[in-house]
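Fold and contact review
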Amino acid sequence: MRKKENLSGMIPYKPGVLKEGVLKLSSNENRLGPSPKAIEAILHSINNVNIYPDGSCRILKETLADKLGYKTENLIVGNGSDELMTLIAATYISDGDNAITAENTFSEYTFATILYSGKVQKAPLKEGIFDPEEILKLINEKTRIIYFCNPNNPTGTYVNHTDLDSMLAKVPENTLFVLDEAYGDYSDALDYPDSKKLLRKYPNLMILRTFSKIYGLAALRVGYGIAREEVINDILVTKQPFNVNTPAQIGATAALSDDDFYRKSRSMNSTGKRFLYEELDRLEIKYYPSQANFICLYVGRDSKELFQEMMEQGVTIRPLTSFGLDQWIRVTVGSEQDNKLFIRILENTLK
Ligand SMILES: *Cc1c(COP(=O)(O)O)cnc(C)c1O
């Protein structure tokens, strides 16, 4: 058998193996657990798993539309926003087309593009921040998609409303601009982009969000996209009929009404970040101020080795080698106890 040429450099995703009893701060999951309202709803939904899920995710879409002030026609729900990234590439990327993203960012943008025989061009970050100038420079007639992660995984940095707006004004109309706001819920910056305003202004903008982070539902796999109706209709063509399962739809819908959990998640995160910043300052460790639920820090040595040593002492972090940042790690902000354990082990390991 001969596989397709575009797959030649690709290897299957290898999930990390976790030792029992080790605190996992490597995947930006919600350390408060899942939304309790979601859990309750999921338990009820289990009785109906003999029936295929609603392929249109009608109730979830209506709830989202209500809450966010869009029409259901502006929404698409995916098996995680990861799935939406591949559906977007399936819709817009043909052999030889280009997508643009940054050098140090989420790997799914590259995966999705290569899967559909596209090429990825990567612009350098500027002091850990997505750099609109560098991205605009790479645009040419083959550019179909720009993937823009805001706040950026793994650096936690963000581009503000004004800068994003001026950038979008310079993006050609036939290039889809995918704004990944997986961590937008955690941002407390006053100038964090108002993506709703931008959507009204730019017909080629698509926003991606997820239930995996602030709602604590990573295992359910639910994410959604917001765009003009025409864009959504084009992408819907590539979607499998039953891509989002029933417990996922019902759990996500219930989570949207769990304001208390949402508030607690945000507040634990900002308290945790304040503590971690103080401790990292004390240890004279350089980091990027973060608008997300993780912090990216410079360890000045091979991060994979550091990962190993820290895991043996009871905590996992994300070494950023695969993100092109060999001597940096990313740590999820957890509870007070989690953060203290992380600092203790980090200090001990770097000593
Ligand atoms: C976690 C994450 C997502 C969410 O992925 P899901 O498939 O919805 O779990 C999307 N984008 C980025 C940058 C992420 O880090």
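Residues numbered from 1 in each chain as written. Predicted model: local features only at pLDDT ≥ 70, side-chain atom pairs only at ≥ 80, totals over all residues. Heavy atoms only, no water.

Re the overall build of the protein
Keep this limit in mind: For helices the rule is a DSSP run of H or I covering at least 4 residues; for strands it is a run of E covering at least 2, with both sets numbered from the N terminus onward. Only C-alpha atoms enter the radius of gyration; for comparison, a globular chain is expected to reach 2.2 Å times N to the power 0.38, where N is the number of residues. The cut-offs for exposure are 20% and 50% of the maximum accessible area for each residue type, with area from a 1.4 Å probe on protein chains only; residues under the lower value are buried, those over the upper are exposed, and the others partly exposed. Whether two residues are in contact is decided by their heavy atoms, any of which lying within 4.5 Å being enough. Values of accessible area rely on a 1.4 Å probe in the Shrake-Rupley scheme; residue burial ignores everything except the protein chains shown.
Scanning the protein from N- to C-terminus turns up 12 helices and 12 strands. In summary, the protein has a C-alpha radius of gyration of 20 Å against a globular reference of 20 Å for 351 residues, a match within 12%. Counting all 351 residues of the protein, 54% fall into the buried class. In the protein, once contacts between residues fewer than 6 apart in sequence are set aside, the share between residues at least 24 apart is 74%. Summed over all atoms, the accessible surface of the protein reaches about 16,900 Å², with 51% contributed by carbon and sulfur.

Observations concerning the site of the ligand
What counts here: Residues are labelled near a given molecule or strand when at least one of their non-hydrogen atoms is within 4 Å of it. Polar contact criterion, stated in full: a pair of N or O atoms within 3.5 Å, where within protein one must be able to donate a hydrogen and the other to accept it, and residues adjacent in sequence count only if both atoms are side-chain atoms. As a working rule, the residues Ala, Val, Leu, Ile, Met, Phe, Trp, Tyr, Cys and Pro are called nonpolar, Asp, Glu, Lys and Arg charged, and the rest polar, with Gly in that last group.
The environment of the ligand is made up of 15 residues, and the closest members are Tyr183, Thr210, Ser212, Lys213 and Arg221. The separation between an oxygen atom of the ligand and a polar side-chain atom of Tyr183 is 2.6 Å. One of the side-chain nitrogen or oxygen atoms of Thr210 is found 2.6 Å away from an oxygen atom of the ligand. Surface burial for the ligand is 94%, taken as the share of its 390 Å² of free accessible area covered by protein chains. Among the elements that line the shell around the ligand, the one with the most residues is helix H3 (residues 80–92), at four residues. Tallied by class, residues from the shell around the ligand come to six nonpolar, five polar and four charged.

A closer look at the sheet that holds strand E11 (residues 318–319)
Rules: At least two bridges found by DSSP between two strands is the condition for calling them paired. Orientation is described by lines fitted to C-alpha atoms, with helices fitted over the stretch in contact, and by angles between N-to-C directions that extend from 0 to 180 degrees.
One open sheet holds the three strands; their spatial order is E9-E12-E11, and the pairing between them is antiparallel. At either end of the open sheet lies a strand with only one pairing partner, and these are strand E9 (294–298) and E11. The pairing of E9 with strand E12 (residues 328–332) spans five bridges and is antiparallel. Directly across from Ile295, in E12, lies its bridge partner Val331. In the packing of helix H12 (residues 336–350) onto the sheet, contacts are made with E9 and E12, and the angle to E12 comes to roughly 155°.

Focus on the pattern of salt bridges
Worth spelling out the cut-off: By convention in these notes, a salt bridge is any Lys or Arg side-chain nitrogen within 4 Å of a carboxyl oxygen on Asp or Glu.
For the coordinates displayed, the defined rule picks out 16 salt bridges. Lys264 is the partner of Asp260 in a salt bridge, and the nearest nitrogen-oxygen pair spans 3.2 Å. In this pair, Asp260 and Lys264 both sit in helix H10 (residues 259–282), four residues apart, roughly one turn of the helix. One salt bridge in this structure joins Glu347 and Arg282, with 3.2 Å as the shortest N-O distance. Remark: Arg282 occurs in helix H10 and Glu347 occurs in helix H12; sequence separation between them is 65 residues. Note on Arg282: relative accessible area 44%, which makes it partly exposed. Linked through salt bridges whose partners overlap, the residues forming this network are Asp260, Arg263 and Lys264.

What to know about the side chain of Asn339
Of note, Asn339 is situated in helix H12. Overall, Asn339 belongs to the buried group, its relative accessible area being 2%. Aside from chain neighbours lying at most four places away, what touches Asn339 is Gly272, Phe275, Leu276, Thr332, Val333 and Gly334.

Points about the environment of Tyr277
By secondary structure assignment, the location of Tyr277 is in helix H10. Sequence-wise, Tyr277 and Asn50 are 227 residues apart; in three dimensions their C-alpha atoms are separated by 49 Å.

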